[in-house]
Amino acid sequence: TQTRYPPGSTYKLILSIAALEEKIATPKTKFTCTGHFYYGNKDFLCHGGHGHGSINMTEAIEHSCNSYFYNLMFKVGLEVRAHYGDMFGFGKKTSIDLPDEQSAPLPTKTYFDTRYGEKGWTQGYLVSLAIGQGEMGASPLQMAAYTATIANKGTYHRPHLVKGYAETTTGQYIPLSYESRELPISDATFDAVRNGMKLVVESGTARRAQIPGVAVAGKTGTAQNPHGEDHAWFICFAPYENPQIAIAVLVENAGYGGTVAAPIAREMIDYYLNKRPQVNFSPEAAAAQSIAQVEN
């Protein structure tokens, strides 16, 4: 809740959703990746300069093609990207029932104008933002809530730890309610992005997250770190058709998300779906048990 790191390529899904919803692109929209993207006098590489060729959005998600999203960012624009990021809870706290939560700003034109002055920044800042770098930050909890919202196709649930409490005098169980809101994003858009995420695990950058008999969907991210090794991200949900669990894994100073973070998520999902003891939990029963312990 207090960590703020660039989300890296995991944020490419927001850019995809924005482009699809605003009719700027379709899953079949193609850009050509030569391994290099030039803006001004700077050369931005895609995976060490290795090109993907002519590639569509689905393939770009699958293989995490930087060049594709550099191009897409200039089609979508800063303000539209920020609008969709706000929908998914970026730039603000999740309001989980824990103290001292932190959040990072969500870059907008107003943000840049305030920080650098109206002439103190250029459109070149969009290049880094396209791949979740630059003036971007998120906590693992924000990333997990974002992933869950994609998994369930548009219902954002405020994260929480406490389901309810027992009145001390009566023992009555009092359930607590938490915010849920529906995002104005179509099923078709979620279907397209979720399909790309499924391919990420099946044949893309996160094949190490595969679990026999379980369809996992995810997105890798490698966040640049000026002080050492890159930070490894992996966000995912499973099973694909009927999601039960959403996970965000961040490993500091560890390298590539697909190499380091994805196997951790795989083990967590495998345990949750296949290996953990199945316990029938009743909040009311737990409250009654708690009262009995206090009285005894």
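Refer to the preceding data block for the structure.
Residues numbered from 1 in each chain as written. Predicted model: local features only at pLDDT ≥ 70, side-chain atom pairs only at ≥ 80, totals over all residues. Heavy atoms only, no water.

Asker: I tried to follow the sheet that holds strand β11 (residues 245-251) on my own but got confused; where do I start?
Answerer: Hydrogen bonds between backbone atoms are what pair the strands of a sheet, whose relative direction is either parallel or antiparallel. Taken in spatial order, the three strands of this open sheet run β9-β10-β11, and their pairing is antiparallel. Two strands close off the open sheet at either side, each with one partner strand: β9 (217-223) and β11. Neighbour-to-neighbour, the strand axes of the sheet open up by a mean angle of 10 degrees, direction not taken into account. Across seven bridges, strand β10 (residues 231-238) lies against β11 in antiparallel orientation. The residue bridging Phe-234 from the neighbouring strand is Val-249, located in β11. Along the sheet face, helix α8 (residues 187-203) touches β9 and β10 and points at about 75 degrees away from the line of β9. (Pairing = 2+ DSSP bridges. Helix = DSSP H or I, 4+ residues; strand = E, 2+ residues; numbered from the N terminus. Axes fitted to C-alpha atoms, helices over the stretch in contact; angles between N-to-C directions. Contact = heavy atoms within 4.5 Å.)

Asker: Explain the pairing of strand β1 (residues 30-33) to me, please; I cannot follow it from the model alone.
Answerer: For a regular strand, side-chain orientation follows a simple rule: the groups alternate between the two sheet faces. Only one face of β1 is covered, namely the one carrying Phe-31 and Cys-33; the face carrying Lys-30 and Thr-32 has none of its residues buried. Examined bridge by bridge, β1 and strand β4 (residues 53-56) share four bridges and lie antiparallel to one another. Pairing of Lys-30 across the sheet is with Asn-56, part of β4. (Buried < 20%, exposed > 50% of the residue type's maximum accessible area, 1.4 Å probe, protein only.)

Asker: Sorry, what's going on with the packing of helix α1 (residues 12-21) against helix α4 (residues 78-87) here?
Answerer: When two helices pack together, their arrangement is given by the angle between the helix axes and the distance between those axes. Contact geometry of α1 with α4 gives a least axis separation of 9 Å together with a crossing angle of 110 degrees. Judged by the angle between their axes, α1 and α4 are roughly perpendicular. As α1 runs across α4, the sense of the crossing is right-handed. For the pair α1 and α4, contact is made by Ile-14, Leu-15, Ile-17, Ala-18 and Glu-21 and by Val-80, Arg-81, Tyr-84 and Gly-85, respectively. Partitioning the contact of α1 with α4 into residue classes produces six nonpolar, one polar and two charged. (Parallel < 35°, antiparallel > 145°, perpendicular 65-115°, else oblique. Left-handed = near helix turned anticlockwise from the far one by under 90°. Nonpolar A, V, L, I, M, F, W, Y, C, P; charged D, E, K, R; others polar.)

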